[in-house]
Amino acid sequence: MSDVTVRFAMAAAMVAASTLVMLASPSSSAAAAHDYGDALQKSLLYFEAQRSGRLPYNQRVRWRGHSGLTDGLEQGVDLVGGYYDAGDHVKFGLPMAFTVTMLSWSILEYGDQVAAAGELPHALQSIKWGTDYFVKAHTAPNELWTQVGDGDSDHYCWQRPEDMTTSRRAYKVDAEHPGSEVAAETAAAMAAASLVFRRAGDNHYAHLLLHHAEQLFEFADKYRGCYHESVRVAKRFYPSGSGYEDELLWAALWLHRATGSREYLDYAVDNAADFRGTRWAVSEFSWDIKFPGLQILATKLLLEEKDLSSEQRLVLEQYRSKAEFYVCSNMNKNPGGAVRNAPRTPAGLLFIRPWNNLQYVTNAAFLLTVHSDLLASFGEPLRCLPDDEADTSDSGGETAAEVVVPAAEVLAFAKSQADYILGTNPASTSYLVGYGERYPRQVHHRAASTASVKQEKGFIGCAQGFDDWYSAGGDNPHDLVGAVVGGPDGQDRFKDRRGAYMHTEACTYNTAPMVGVFSKFLEIQRQQEQREL
């Protein structure tokens with residue numbers, strides 16, 4: 001648990017009353033009954049269903065089997081392991097690394113709460129399954145294997161991972177073929193994970209991860225280039241729309257947090273403007289766009305660190321203003337109307353994009369939860385400022401004033417998004433598979449929608465899988481427990497159909513931030529129950 005969380009716990013007596021009022025408001029009264037402990041347990045179980053490689057003896061998702069056991073063999077490198085990102089069987093390095101970063105951040109902020117729920121061993125295992133793979137994939141200081149499999153051929157097949165016949169070719173970035181986004185994000189993941197394992201007492205593994213993180217950051221920075229130009233097979237699936245500068249700044253801040261070295265802080269300060277970290281105010285945080293995440297990290301550093309120069313404070317304040325724009329935008333509090341605020345569905349769900357929209361919601365819920373803790377620990381509100389470069393005056397000619405939002409209200413909004421996912425929505429459907437009585441039963445997922453290899457040992461081919469399983473009208477034979485699916489459309493409508501992949505496919509990076517969010521609200525729920533005794 002971070003120092004900020006510790007201070008928040010000590011300050012809880014001062015803010016508890018207002019927090020509980022906000023969280024128990026009439027609009028969220030139905031949501032108060034949610035079992036966040038159950039949601040947390042299920043969210044961590046999901047990562048076991050996404051494992052590639054040789055499964056361990058304590059694997060809890062029993063309908064899965066070993067898969068991808070020859071990954072990397074053709075290229076002469078051991079790339080067995082890691083995670084499938086979604087319902088297919090390609091191992092994409094960029095979203096996998098982001099998943100591990102967010103899992104690690106969840107544990108750094110709310111590790112004590114995860115431990116109190118008895119889920120810390122599972123959380124550590126979920127992180128280590130990813131970082132063990134990254135250690136394998138980082139085969140030289142300036143070489144990182146960043147993808148196994150081909151998305152095009154994979155998508156022509158509907159097979160169990162245990163039956164894969166599609167290409168398992170591996171792709172890498174190196175000095176001649178740079179990939180700054182994926183190298184820097186992997187550095188961030190390993191730096192964040194090193195902190196997790198250091199706190200867990202595994203100093204040797206933490207040191208190993210940090211060594212790789214520092215090498216990968218140096219590689220990403222020294223040989224700059226867009227990764228999908230080097231690994232072109234990734235471009236149709238995970239193109240880097242925001243460029244690599246946000247990942248470089250993001251990794252630098254994680255390395256500063258992991259090492260305490262001023263070198264990394266200076267990097268984030270010196271390159272803040274040129275890399276758009278203090279210039280881009282956006283409403284989206286995702287596997288592609290890291291700006292809000294690094295801006296939140298910079299804000300934490302600004303408020304927590306006492307030994308900062310005036311220049312560093314000035315730049316970190318600029319980061320903070322962009323972080324506040326993101327939080328205010330998601331809360332619809334930025335002065336200036338719709339153009340400066342994130343869209344929502346009629347029922348109040350953030351709606352950034354039609355395809356897999358819940359990834360943006362879960363990431364927003366996490367960042368707002370972390371930021372509300374930070375504000376509460378220092379007794380500060382959120383300040384939503386008008387756009388200095390735009391005409392924000394009203395019809396009377398008066399300039400729009402800033403909007404001041406209590407920290408408890410920020411947390412309450414994060415809770416509203418989490419509760420929507422858990423079933424407090426017009427469809428009364430939980431979008432966390434396996435949670436509640438009503439949840440998606442036809443998740444767009446090859447393994448979950450097909451008979452387990454342990455039950456039906458016969459080989460299932462590409463076309464056969466489409467004919468016998470994908471096109472079947474019934475529910476999946478296996479619930480993909482803990483998966484957060486893509487979610488409803490912009491009008492809060494959801495069709496539970498395998499073919500509706502924009503809404504029924506789940507991804508690892510959808511669920512990862514909810515580990516932290518569920519842990520936070522489980523803690524509040526337990527505190528409230530104790531007060532009522």
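Rules of the game
Residues numbered from 1 in each chain as written. Predicted model: local features only at pLDDT ≥ 70, side-chain atom pairs only at ≥ 80, totals over all residues. Heavy atoms only, no water. Helix = DSSP H or I, 4+ residues; strand = E, 2+ residues; numbered from the N terminus. Expected span 1.5 Å × (residues − 1). Buried < 20%, exposed > 50% of the residue type's maximum accessible area, 1.4 Å probe, protein only. Contact = heavy atoms within 4.5 Å. Salt bridge = Lys/Arg side-chain N within 4 Å of Asp/Glu carboxyl O. Phe/Tyr/Trp six-rings, centres within 6.5 Å; stacked < 30°, edge-to-face > 60°. Disulfide = S-S within 2.5 Å.

1. Quick notes on helix α10 (residues 245–259)
Compared with an ideal rise of 1.5 Å per residue, which puts 15 residues at 21 Å, α10 spans 21 Å between its outermost C-alpha atoms and is within 8% of the ideal. Across the 15 residues of α10, 13 count as buried, placing the element largely inside the fold. Phi turns positive one or two residues past the end of α10, at Gly260, with a value near 75 degrees.

2. Brief notes about the environment of Phe466
Considering the arrangement of structural elements, one finds Phe466 in helix α16 (residues 462–470). Taking relative accessible area as the criterion, Phe466 reaches 23% and is therefore assigned partly exposed. In the structure, Phe466 is positioned 307 residues away from Gln159 in sequence and 8.1 Å away in space, judged by C-alpha atoms. Ignoring any residue separated from it by four or fewer positions in sequence, one finds Phe466 in contact with His155, Tyr156, Cys157, Trp158 and Ser471.

3. Regarding the pattern of salt bridges
Summed over the entire model, instances satisfying the criterion amount to 33 salt bridges. Among the ionic pairs, Asp78 bridges to Lys136, the shortest N-O distance being 3.3 Å. Within this pair, whereas Asp78 is found in the loop between α3 (36–49) and β1 (91–92), its partner Lys136 is found in helix α5 (residues 120–137), the two being separated by 58 residues in sequence. Its relative accessible area of 43% is what places Asp78 among the partly exposed residues. Glu247 is the partner of Lys290 in a salt bridge, and the nearest nitrogen-oxygen pair spans 3.0 Å. A residue pair is termed long-range when its members are at least 10 positions apart, and Lys290 in the loop between α11 (262–270) and α12 (291–304) and Glu247 in helix α10 qualify at 43 residues.

4. Focus: the packing of aromatic side chains
Applying the stated criterion to the full structure yields 26 aromatic pairs. Ring centres 6.1 Å apart and planes at 70 degrees place the aromatic pair Phe47 and Tyr83 in the edge-to-face group. Taken together, the residues Phe47 in helix α3 and Tyr83 in the loop between α3 and β1 connect sequence positions 36 residues apart. Each member of the pair Phe47 and Tyr83 is classed as buried. Relative to Tyr501, the ring of Trp355 lies with its centre 5.4 Å away and its plane at 50 degrees, an arrangement referred to as tilted. Residue Trp355 is found in the loop between α13 (310–330) and α14 (358–377), and its partner Tyr501 is found in helix α17 (residues 501–504); the two are separated by 146 residues along the sequence.

5. Describing the state of the cysteines
Following the criterion strictly, the structure yields two disulfides and no others. Linked covalently through their sulfurs, Cys328 and Cys384 form a disulfide whose S-S length is 2.0 Å. Residues Cys328 and Cys384 are joined by a disulfide whose S-S torsion is about -90 degrees; by sign, that bridge is left-handed. Highlighted residues: Cys328 in helix α13 and Cys384 in strand β4 (residues 382–384), separated in sequence by 56 residues.

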